[in-house]
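Observations on the model geometry
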Amino acid sequence: MTAPVPDRAAVRTAVADAEVPGWAGGVMLALRWATLLVEVTAMVVLGALAGGVLLGLGPALRAGGVVAARMTAEPTPWRTFWRTWRDGFGRTAALFAPVWAVAGLLWLDAGALGLLDGSDLLGGPGRAVLTGGLVVVGAWGAVVLACWPVVVARYASGPVATWRLLLLLPLLAPATSVAILVVAAALLVAAWALPLLAVLVVPGFWLWATGRLAADRLDRIDAQVSGGSAA
């Protein structure tokens, strides 16, 4: 009879707890978290570069989100990242293409608004409407982008169904959307105050924090759908 293979993550955690008990173990865990956040950031950057940025960023965000969701419970984060990055690379890159299109449009709109701001072609009310619309679209896009890695990793739906869910999520989960925007604002402030922190930690923390928020909401939506189907 073959002996059962122990769970690698459980063994790793048990060894760490046995070697560093008490408050020292808590400090080591915090340092491990910080290290993993930096590692996730490095993974996303390398994954994006490996795919030429335009094709690689989507798969890198998806794979980084998978690793960030497991964090200290993942015994081989780098191996998991690259395996996830390769699996379904073409589908993931295609699903991320609309993000590039919308980002380009927002950049052009912001540039045009900046040019019109110094001229008399755009009155005060018109400028306020355009600025407000740009802010709303940007906030909506931030929520969609935060949910994108979780949705793409969780569901194997086609592009139409995937993007329909993504675009409706801010309406289906208003509290989660507000929480994601609060996280985004806090990270922007932290990045402004500590630029080095932004480079090393912010991308990994963004994937972890917003991924947890999005996953919790999707769990509830899936439970409601399953309950309705069973009824």
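The present account deals with the structure reproduced in this document. Nothing here was measured: the structure is a model prediction, and the numbers come from that model.

Cut-off values and rules
Residues numbered from 1 in each chain as written. Predicted model: local features only at pLDDT ≥ 70, side-chain atom pairs only at ≥ 80, totals over all residues. Heavy atoms only, no water. Axes fitted to C-alpha atoms, helices over the stretch in contact; angles between N-to-C directions. Helix = DSSP H or I, 4+ residues; strand = E, 2+ residues; numbered from the N terminus. Left-handed = near helix turned anticlockwise from the far one by under 90°. Contact = heavy atoms within 4.5 Å. Nonpolar A, V, L, I, M, F, W, Y, C, P; charged D, E, K, R; others polar. Core = buried A, V, L, I, M, F, W, Y, C linked by side-chain atoms within 4.5 Å. Buried < 20%, exposed > 50% of the residue type's maximum accessible area, 1.4 Å probe, protein only. 1 Å grid on protein atoms, 1.4 Å probe; cavity = no way out; pocket = protein on both sides within 12 Å on 5 of 7 lines; lining within 4 Å. Points joined across faces, edges and corners; volume = space filled by probe spheres on them. Phe/Tyr/Trp six-rings, centres within 6.5 Å; stacked < 30°, edge-to-face > 60°.

What about the packing of helix H3 (residues 57-70) against helix H4 (residues 77-86)?
One can describe the packing of H3 onto H4 by two numbers: an axis separation of 8 Å at closest approach and a directional angle of 145°. As for how H3 packs across H4, the hand of that crossing is right-handed. On H4, the residues touching Pro 59, Ala 60, Arg 62, Ala 63, Gly 64, Val 66, Val 67 and Arg 70 of H3 are Pro 77, Thr 80, Phe 81, Thr 84 and Trp 85. Within the contact of H3 with H4, the residues separate by chemical class into eight nonpolar, three polar and two charged.

A look at the nonpolar core
In this structure, Cys 147 and Trp 148 are the most contacted members of the largest nonpolar core, which totals 42 residues. Cys 147 has contacts with Leu 166, Leu 169, Ile 180 and Ala 214, leaving out every residue within four places of it along the chain.

A short note on the layout of surface pockets
One number sums up the size of the largest pocket: a volume of about 820 Å³. If you trace the largest pocket, you find 30 residues lining it, with Val 99, Gly 141, Ala 142, Leu 145 and Trp 206 closest to the centre. Tallied by class, residues from the lining of the largest pocket come to 28 nonpolar, two polar and no charged.

Structural notes on the packing of aromatic side chains
Per the counting criterion, the structure on display carries seven aromatic pairs. By the ring-pair criterion, three or more aromatic residues cluster together here, those being Phe 81, Trp 82, Trp 85 and Phe 89.

Re empty space enclosed by the protein
Considering all chains together, one arrives at one cavity of 30 Å³ or more under this definition. The wall of the largest cavity is formed by Val 143, Cys 147, Leu 169, Ala 173, Thr 176, Ser 177, Ile 180, Ala 214, Arg 217 and Leu 218. Contributions of two or more residues to the lining of the largest cavity are made by helix H6 (124-154), helix H8 (174-193) and helix H10 (202-230). Counted by class, the lining of the largest cavity contains seven nonpolar, two polar and one charged residues.

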